[in-house]
Amino acid sequence: MLVVEAKLKNGTPEQYHKLDEAIRTSQFVRNTCVRYWMDNKGTTRNDLQKLCSQLAKNKDTPWVTLLNSQARQSAADRAWQSINRFYQNCRAKISGKKGFPKFKKYSRSVEYKLTGYKLSDDRRKIKFSDGFKAGEFDLWCSQRTLVYYSEQQIRRVRVVRRADGYYCQFLIDVERIENHEPTGQVTGIDLGLKEFYTDAQGNTVDNPRYLRKSEKRLKKAQRRLSKRFRKGKKRCDPGDSQSPRERAPRQQSNNYHKQRLKVAKLHLKVSRQRKDRAIKDALALVQSNDLVVYEALKVRNLVKNRKLAKSISDASWYQFTEWLNYFAKIYRIVCIAVPPHFTSQDCSVCSTRVQKSLSTRTHQCPNCKTVLDRDHNAAINILKRGLKYLGEHLNGSVGHTQTDSIALGESDLWVVNGNIDNLSCLVEQGISSSDTERIPHYIA
C-alpha cells in the first residue's frame, strides 16, 4: 500500500465549511458507536455497522443521512478499532492503562471508501458528491501525481484538516519495491540527545532540535494567544468557519482564533521538520548498509523524566525507527531491534560492566584500558548483540535468555522470511579481535 497526499485548493469558504460538517458528522457517528458499545454488552463489529443505517433513518438525526454510507461505515470501523485494541491490551495483561475507548472532541478527518467522490480524468481535481455537496477542489501534490495510478487502485480517500488547510490522502493498492545494491556494510546505532545517533564506525549525526530552535517564536505567539483569551467564554469548534457576527456572544473573538491558527502553524512546521529529517536519515542509513541494528527504546517510559521529556520528544526517536523499519522492508535489508539493557555500561572489548552516570560521556574500562566515546561504545555493543541474534536465527536456535526475549521486535518475520542472499557473511563481519587494536587505550 502507498499513501499519496494532496492539498485541496481553490475552494470557497462555503465548500470548506461543508467539509467541516462532514468531519463533525463522522465524529458523531463514531462517538455514537462507542456509546452503543458501552451500553450494550457483547456488541460486535456487525452491530456497529447496523447502527450506522439506523442513525441514517432516525428522524432525530437527519444530518447523518447526508454523509456517504461508506463514510459512516468507516467511522464505525474507527470506533471498533479502538474497542478491539482495548480488548487486545486486556488479553495481553499489559501494565498500566489499557486504552479504554474515549469520545472524540475535535476530529480532524473523514474517510471515504469507494464512493462519495469522483476524480477527474487527469487526476488533477476531485469532486465530493455526498449529501453535503462540498463540490470540486483542485489537487496539489508535491511528490507523486495520481495520473500514474488507475482509479481501481485507490482503496480509500481521507480528508484531513490541518492548521494550514485541507488535505486529501489516497490509499493506493500498489507494491513498492526498491533495488538495493549490496554494500557489505553492517552497523549498529545508538540513539542519543547530544548526537541524534552514533554508529558502530564512530560516525555521528547531529540532533537538529527543531522545537528548541522554534521556542522563542512559539513563546511569543503563545503569549499573544493567552492575552486574547477571554475567561468565561467558550472556544468554538476549530472547524467553524462562521463569521464573527454569526458567532454567539459567549464565544471567543475572531482575533483569538487567528492567533490560535498562527500557533498551530508553528507547531505543524516543527512536526513536518521532524518527519522530513527522520525520513532522510533513515533512508540514507538503509541505502548505505546491508544490516542495521538499533536499540528498542521505550519512549513512553523515558518521557516520564520531567527534566529530559521535552528533549526526548523533540528528538522523535520512535518516528525515526518506524521509518527505518519501513525502508528496510522496501529495500530488502536486515533491520534488527535489540534490547537496550547495559549497552552503555558494558565494555565493547572485554564486556566488563563499568557503571557510569549520564554526565559521563567517555567510557574508560579499568580491565582492558579501553577509551571510547560513550555512544560509540554503546553502538558497538548494539551491533554485536544484533549479530548474535541474527546468527541464532540462521542456526535455527530457539531459546533466548530472558534479556534477549524482546529482540528483533517488528522486523522478526522479515528477517526469518525475507529473501536475502548470503546472510551468513553479515555475521562474519562482526567486531573481530583484530579490530580491538584500533581502539585507543589508556595507561593507569
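Nothing here was measured: the structure is a model prediction, and the numbers come from that model.

### Some thoughts on unusual backbone geometry
Then step 1. Its identity as a non-glycine residue notwithstanding, K93 has a phi of 55°, on the positive side.
Then step 2. On the secondary structure map, K93 appears in the loop between α3 (69–92) and β2 (109–112).
Then step 3. Phi at R123 takes a positive value of approximately 60°, unusual for a residue other than glycine.
Then step 4. Along the chain, the position of R123 falls in the loop between β3 (117–119) and β4 (125–128).
Then step 5. A relative accessible area of 14% places R123 in the buried class.

### Thoughts on the nonpolar core
Then step 1. Formed by 29 residues in total, the largest nonpolar core has its most connected members in L8, L19, Y112, I126, F128, L139 and F170.
Then step 2. At the level of elements, β1 (2–9), α1 (13–39), β2, β3, β4, β5 (135–140), β6 (154–162) and β7 (165–172) are the ones that each hand at least two residues to this core.
Then step 3. Non-local contacts of F170, meaning those with residues more than four positions away in its chain, are made with L2, V3, V4, A6, L119, I126, L139, L146, I154, R156 and V157.
Then step 4. Residues Y294, L324, I333 and C335 belong to the second largest nonpolar core, which totals 23 residues.

### Structural notes on the environment of D199
Then step 1. Tracing the backbone shows D199 in strand β9 (residues 195–199).
Then step 2. By relative accessible area, which is 8% here, D199 ends up buried.
Then step 3. Setting aside its immediate chain neighbours within four residues, D199 contacts T187, G188, I189, H376 and A379.
Then step 4. Polar contacts involving the side chain of D199 include one to the main-chain amide nitrogen of N203, which spans 2.6 Å.

Definitions and cut-offs
- Residues numbered from 1 in each chain as written.
- Predicted model: local features only at pLDDT ≥ 70, side-chain atom pairs only at ≥ 80, totals over all residues.
- Heavy atoms only, no water.
- Helix = DSSP H or I, 4+ residues; strand = E, 2+ residues; numbered from the N terminus.
- Buried < 20%, exposed > 50% of the residue type's maximum accessible area, 1.4 Å probe, protein only.
- Core = buried A, V, L, I, M, F, W, Y, C linked by side-chain atoms within 4.5 Å.
- Contact = heavy atoms within 4.5 Å.
- Polar contact = N/O pair within 3.5 Å; in protein donor to acceptor, adjacent residues only side chain to side chain.

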